[in-house]
Amino acid sequence: MLKRKISVNETAEAKRYFDECRNAVIVTHSAPDGDAVGSSLALKEYMEKKGKKVTVIVPNLYPDFLRWMHDADKIVIFERQKSLCYNLVNYADLICCLDFNTLSRIDDLAVPVSKSKARKMLVDHHMEPDKFANLTISRPDCCSTCELVFRLLDSLGEIQNVNTYGAEDLYVGMCTDTGGFTYNSNDPDVFSIIAELLRKGINKDIIYRRLFNTYTADRFRLMGYILSEKLRYFPELHASYFCVSREELQRYHFLKGDLEGVVNIPLSIRGQKLSISLREDTEKPVVWISVRSYDDFSAREMAEKFFNGGGHFNAAGGHIDGTLDAAEEICKKALAAYSEQLKSVTREG
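A.B. asks: I'd like a description of the sheet that holds strand β12 (residues 315–321), backed by residues and values.
C.D. replies: In space, the six strands of this open sheet follow the order β7-β8-β9-β10-β12-β11, with mixed pairing throughout. Each edge of the open sheet carries a strand with a single partner, namely β7 (232–234) and β11 (310–311). Pairing analysis gives two bridges linking β11 to β12, with the strands arranged antiparallel. Paired with Gly310 across the strands is Gly317, a residue of β12. Contacting β7 and β8 (239–244), helix α9 (residues 217–230) crosses the sheet at an angle of about 125° to β8. Along the sheet, helix α11 (residues 299–306) makes contact with β9 (274–280), β10 (286–293), β11 and β12, crossing β12 at roughly 15°.

A.B. asks: Go over the state of the cysteines with me, naming the residues and quoting the values.
C.D. replies: Under the criterion given, the structure shown has zero disulfides. The thiol sulfur of Cys96 is not disulfide-bonded, and the nearest other cysteine sulfur, from Cys21, lies at 7.0 Å. For Cys96, a relative accessible area of 0% puts it in the buried group.

A.B. asks: Describe the pairing of β10, naming the residues involved and giving the relevant values.
C.D. replies: When you tally the buried positions in β10, you get six out of eight residues, the bulk of the element. With seven bridges connecting them, β9 and β10 associate as antiparallel partners. Opposite Arg279, over in β10, you have Trp288 as the bridge partner. Across seven bridges, β10 lies against β12 in antiparallel orientation. Each residue of the ladder has a partner; that of Val291, found in β12, is Ala316.

A.B. asks: I'd like a rundown of the sheet that holds strand β1 (residues 23–28), residues and numbers included.
C.D. replies: What the six strands build is an open sheet, ordered β3-β2-β1-β4-β5-β6; its pairing is parallel. Single-partner strands in this sheet number two, and they are β3 (76–77) and β6 (135–138). When strand β2 (residues 53–58) meets β3, the two strands line up parallel, connected through two bridges. By the bridge assignment for β3, Ile57 is matched with Val76.

A.B. asks: Mind laying out the nonpolar core, listing which residues take part and the relevant values?
C.D. replies: Burial of nonpolar side chains together is a common tendency in soluble globular proteins. Counting residues in hydrophobic clusters, the biggest one holds 56 residues, and the most contacted among them are Phe18, Met47, Met174 and Leu197. In this structure, Phe18 is in contact with Leu43, Tyr46, Met47, Lys52, Leu94, Cys96, Met121, Leu152 and Leu156, ignoring residues within four places of it in sequence.

A.B. asks: So what about the environment of Ala72? Which residues, and what values?
C.D. replies: Locating Ala72 in the fold gives a position in the loop between β2 and β3. Counting along the chain gives 10 residues from Ala72 to Tyr62, while the straight-line C-alpha distance between them is 9.3 Å. The contact partners of Ala72, leaving out residues within four places of it in the chain, are Leu41, Tyr62, Leu66 and Arg67.

A.B. asks: Break down the environment of Asp130 for me, with residues and values.
C.D. replies: Among the secondary structure elements, Asp130 is positioned in the loop between β5 (119–124) and β6. A relative accessible area of 36% places Asp130 in the partly exposed class. Along the backbone, Asp130 and Val162 are 32 residues apart, and their C-alpha atoms lie at a distance of 30 Å. Setting aside its immediate chain neighbours within four residues, Asp130 contacts Asn101 and Thr102. In terms of polar contacts, Asp130 uses its side chain to reach the side chain of Thr102, at 2.5 Å.

A.B. asks: Just give me the short version of the pairing of β1, but keep the residues and values in it.
C.D. replies: Successive side chains on a regular strand alternate, one facing one side of the sheet and the next facing the other. Within β1, six of the six residues are buried, which leaves the element mostly enclosed by the surrounding structure. Bridge count for β1 against β2 is five bridges, and the pairing is parallel. Residue Ala24 lies in a different strand from β2, and its bridge partner there is Val54. With helix α2 (residues 34–49) bridging β1 and the parallel β2, this β-α-β connection has right-handed handedness. Of the pairings in the sheet, the one linking β1 to strand β4 (residues 94–98) comprises five bridges and is parallel in character. Bridge pairing in β4 links Ile26 to Cys96.

The rules behind each value
- Numbering of residues begins from 1 in every chain and follows the order in which that chain's sequence is written.
- Restriction of local features to residues with pLDDT of at least 70 applies here, the model being predicted, together with a cutoff of 80 or more for giving and counting side-chain atom pairs; totals for whole chains, interfaces and linings are based on all residues.
- Hydrogen atoms and water are omitted, and side-chain values are computed over all heavy atoms in the structure.
- Only when DSSP finds a minimum of two bridges between them are two strands counted as paired.
- Helix numbering and strand numbering both begin at the N terminus, where a helix is a DSSP run of H or I of at least 4 residues and a strand a DSSP run of E of at least 2.
- Only heavy atoms enter the contact rule, under which two residues are in contact if any of them lie within 4.5 Å.
- Only the stretch in contact is used when a helix axis is fitted, and all axes are lines through C-alpha atoms; the angle between N-to-C directions ranges over 0 to 180 degrees.
- In this description, the term disulfide denotes a pair of cysteine sulfurs within 2.5 Å.
- Working definition: with a 1.4 Å probe on protein chains only, accessible area under 20% of the residue-type maximum means buried, over 50% means exposed, and in between means partly exposed.
- Here, nonpolar core means buried Ala, Val, Leu, Ile, Met, Phe, Trp, Tyr and Cys residues that are tied together by side-chain atoms lying within 4.5 Å of each other.
- Residues adjacent in sequence count toward polar contacts only when both atoms are side-chain atoms; beyond that, a polar contact is any pair of N or O atoms within 3.5 Å, and within protein one must be able to donate a hydrogen and the other to accept it.
- Orient the strands so they point away from the viewer; a crossover is then right-handed if the path from the first strand over the helix to the second runs clockwise.

Keep in mind these values describe shape, not function.
This is how it looks when you write it as structure tokens:
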């Protein structure tokens, strides 16, 4: 029996939205990850079984290691098909916004979404959501948006209608957003949900291999190069960062998702509290930034103050428009601004 996290009123309102809609669009954040894609595909699977027409739209390409997921090939990428996406959003009578808390997280896709007269439902686990949706179901204490989607379907009495594909989708998001259940997953309910997904017929071992053990050899050469040549380590700050240029990515035949999780590796250093990655976009003059931390140091606060971003307390991200050199200088300023706090922190474990 799961602890109730979705109210009776929220459940009733969500049910009304699902019952009354005919054409739905599901949107998720830029640089979609496993939780974004998993929650979107799981909700799509559920709604289609209710006889609804549903399209998932993402702002840009999702990682290569998620291509195996059922119906991933039906996801529409806004950057590549803008006219189609505008038409789909304009025609929709329900827009489900998953795994983001502010419209700026969906980049230019925010324009048609914000203008749409369709009902909007936000389901998310990030803190402090903006008030742009007609119905907001926000639970930052959930390990992932996939956990929250499971809880929503459970509160609707619809878990029995989730098939193996939907269960796989939900497991993917919960697994990736917790680093294979190594963080943010200390709630017993998380494992009760996993048990239910296993009863749906998923093979968690195969899913894990598909998520974490299907990279190319070039990805490992890139990772080795970063750790050997690019890592800047500051033991007195318990912190590190690395920068990767467009040219370096191209040299190692970079695929979307190849740097997934690499920012976490320096946190394995004894006493390390903070790790930052800066990756130059392969096409646009943008530098993508990931911030990871342990214990009481807020990655989210740093991302908000210095990197035009946000996220969770220990896992956040952002971006800097401009050159990699300029972004690195901002990173150095961020470390300097938090130097006293970083010097004084004591890591648990």
